[in-house]
Structure formats: C-alpha cells, structure tokens
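Residues per chain, in single letters:
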Amino acid sequence: MAMLGEPWATSRYDLRVSQSPDAPDVDQLDDSSGGYGWVHSYETGSTVDGPGVRVTVFMNGCFLRCMYCHNPDTWHLRDGTRVSIERAELALAGYATALRSMGGGLTISGGEPLVQAAFTRRLFSAAKRLGLHTALDTSGFLGVRADDEYLENVDLVLLDIKSWEPGTYRKVTRQDLQPTIAFAERLARLNKPVWVRFVLVPGLTDAPANVEGLARFIAPMGNVEWVEVLPFHQMGSFKWKAIGLRYKLEGTEPPTSDLHNRVLEQFRAAGCRAR
Ligand code: SF4
C-alpha cells in the first residue's frame, strides 16, 4: 500500500526507500552470533577489489541509498540467500590454495558488509586462518561496528567516500558524511592500509571544491595507498527499473576523459596517489 503523500511508492522497495535513513529492518535482522549471513552473490576471479585475484562476497543489507547504486537488490537482508558460516567457510577453503598462489584473497563487499558485522567478522577470521589476504569494501557509515579486533583480520579497507561536501553526500546517499570521516580518521590512526574510492558523477560529485576538499583530507594520511576515481556509468540502471524504483540519473552521461583527468590531477596535485 502506498503511503499517504508518497505517490511514488509503488513497490515495497520504494516504501523502504521512503522510510530511509533508518531502515530499521536491516539493523534488527543482524544475527549477533554470526552463525548465518544473508549473501547476495559471490564472484570468483575479481582483479579490481584488492591485490591479486580474489573471491568477492557481496553481502545483503545497506543503510545508504546511493543515487547510482549498481545493486539496489542488496539493500535488504531478506533479498539475499541465508548461508551458514560453516558453509561459507567451506566454500572459501575450496579456493584458498588458488587464491594464495595468485597473490589474492577474500574481499567482502555489498551492500554494506558491516550491516552483518558478526557474520563478516567470522568470515574474515576464517580467511586469515586459511592464510588469505583480506579486504573490507565499505562506505564507512557503520565503521564503529568494525572494532579494533575486527580490523585485526582485515588487511586492506576499500573505503568509499562518496563526497566531501556534507550536503552533496546527503543528496547522493541520504545519509550523513560524518561517520565515514570518523572511520577514515580512525583507520589513519591505526595505520591500516586503505584504498579510497570516489565515484565521479558529472553534475553531482564533480565540483572542483568537492574534489579539492577530499584530496586535502586524504593527502596527509600515510595509510592511504591509492585514491581510485571510478567513472559513473549506467550499467546498474536496469536493476532499478526491474524492481520498480525511479532512477534519477537516467539522463546523466559518464564523465568525459577530460573531466576524469581533471579530477585525477586534483588528487595528484594535493599529494595523493590516484588512478
Ligand atoms: S553503499 Fe553501495 S550498496 Fe549501499 S546504496 Fe551505496 S552503492 Fe549501493
């Protein structure tokens, strides 16, 4: 049933988006023992989610509602498959020898892996017992859930900072920037290796002052190995339509190579390694 005053809420996805930012169902369904996780999918052979060749596990559950999200079908836990930690560990063990020989490991992505902090904690711990490199792909919004013990089993954090200006961040994600900044600062204090990821969307995140502010924030951090500028593209838009969501970036073009280069140069000029 569409809610009063929300005529766009034509599907249950729309209704939950309209209830965001709280999305209480996600929080309440986390299994505190980590015995089960809600998993969207696995990808084997990834070479972009950390060093070497990797297995990437995409978890369900996310508090953000990014305008350009490629995987809106990961937003809600129960849209995933419920998997026991034992089954996940067994599957991972089957790849361990190959992953070690290819200098790779396990990346946990999403959705947001820290929605299911207990399950992902156990999976990272299992990966370290198997001798694998581990990477956490996160927006940082729930960074407080990754306590120091959690991070001991994480070798690399892929930290998506979606905007520097809080107003733009809220427009893009419907959430506050501050928890991500606090998490980035904590990772710097811990000297935890980080690759910052920044999605470049023309007309949304490309303002020179926005890029400049982020570059100046990151540059002094000795733990940030790379800034990765990811050009916006339309490949996820079909999913929005398929599940009945309105996709607001329909008319947005990918950044030109000139714009992409300008942003890369802004990061480099501030002293970041950017690619
Ligand atoms: S943080 Fe990732 S999964 Fe969550 S809405 Fe944004 S792009 Fe989608």
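Residues numbered from 1 in each chain as written. Predicted model: local features only at pLDDT ≥ 70, side-chain atom pairs only at ≥ 80, totals over all residues. Heavy atoms only, no water.

Student: Can you explain the overall build of the chain? Please cite residues and give values.
Tutor: Regarding its fold elements, the chain presents ten helices and eight strands. Relative to all contacts within the chain whose residues are 6 or more apart in sequence, the contacts with residues 24 or more apart total 73%. Accessible surface, the chain: about 12100 Å² in total, of which carbon and sulfur atoms supply 54%. (Helix = DSSP H or I, 4+ residues; strand = E, 2+ residues; numbered from the N terminus. Contact = heavy atoms within 4.5 Å. Areas by Shrake-Rupley, 256 points an atom, 1.4 Å probe, with all protein chains shown as cover.)

Student: An account of the side chain of Ser84 is needed here, citing residue identities and associated values.
Tutor: When you line up the elements, Ser84 lands in strand β3 (residues 81-84). Note on Ser84: relative accessible area 16%, which makes it buried. Leaving out residues up to four positions away in the same chain, Ser84 has contacts with Gly35, Tyr36 and Phe119. (Buried < 20%, exposed > 50% of the residue type's maximum accessible area, 1.4 Å probe, protein only.)

Student: Can you explain the environment of Ala117? Please cite residues and give values.
Tutor: Here Ala117 shows up in helix α4 (residues 117-129). Judged by its relative accessible area of 10%, Ala117 is buried.

Student: If you had to explain the sheet that holds strand β4 (residues 105-109) to someone new, which residues and values would you point to?
Tutor: Strand order across the open sheet formed by eight strands is β3-β1-β2-β4-β5-β6-β7-β8, with mixed pairing between neighbours. The outermost strands of the open sheet, each flanked by one partner alone, are β3 and β8 (224-231). The mean angle between the axes of side-by-side strands here comes to 30°, regardless of whether they run parallel or antiparallel. Contacts from helix α3 (residues 85-101) reach β1 (36-46), β2 (54-59), β3 and β4, with the element oriented near 75° to β3. (Pairing = 2+ DSSP bridges. Axes fitted to C-alpha atoms, helices over the stretch in contact; angles between N-to-C directions.)

Student: For the nonpolar core, give the residues involved together with the corresponding values.
Tutor: With 75 residues, the main nonpolar core has Leu106, Leu123, Tyr150, Ile218, Val227 and Phe267 as its most contacted residues. With near-sequence residues (within four places) excluded, Tyr150 lies in contact with Leu114, Ala117, Thr120, Arg121, Phe124, Leu136 and Arg145. Among the nonpolar cores identified, the runner-up in size contains five residues, and Ala135, Leu156, Leu158 and Trp226 belong to it. (Core = buried A, V, L, I, M, F, W, Y, C linked by side-chain atoms within 4.5 Å.)

Student: Quick one: what's the story with the environment of Val57, residue by residue and with numbers?
Tutor: Tracing the chain through its elements places Val57 in strand β2. Residue classification places Val57 among the buried positions, given a relative accessible area of 3%. Each C-alpha atom of the pair Val57 and Val39 lies 7.4 Å from the other, and the pair is 18 residues apart in sequence. Residues contacting Val57, with those up to four places away along its chain left out, are Val39, Ser41, Tyr42, Leu106, Thr107, Ile108, Ser109 and Leu123.

Student: If you had to explain the pairing of strand β5 (residues 133-138) to someone new, which residues and values would you point to?
Tutor: Across the six residues of β5, five count as buried, placing the element largely inside the fold. Alignment of β4 against β5, held across four bridges, turns out to be parallel. Bridge assignment links Ile108 to a residue of β5, and that residue is Leu136. The parallel pair β4 and β5 is bridged by α4, and the resulting crossover is right-handed. Strand direction decides the pairing type here: β5 and strand β6 (residues 156-160), joined by four bridges, are parallel. (Right-handed = clockwise from strand over helix to strand, strands pointing away.)

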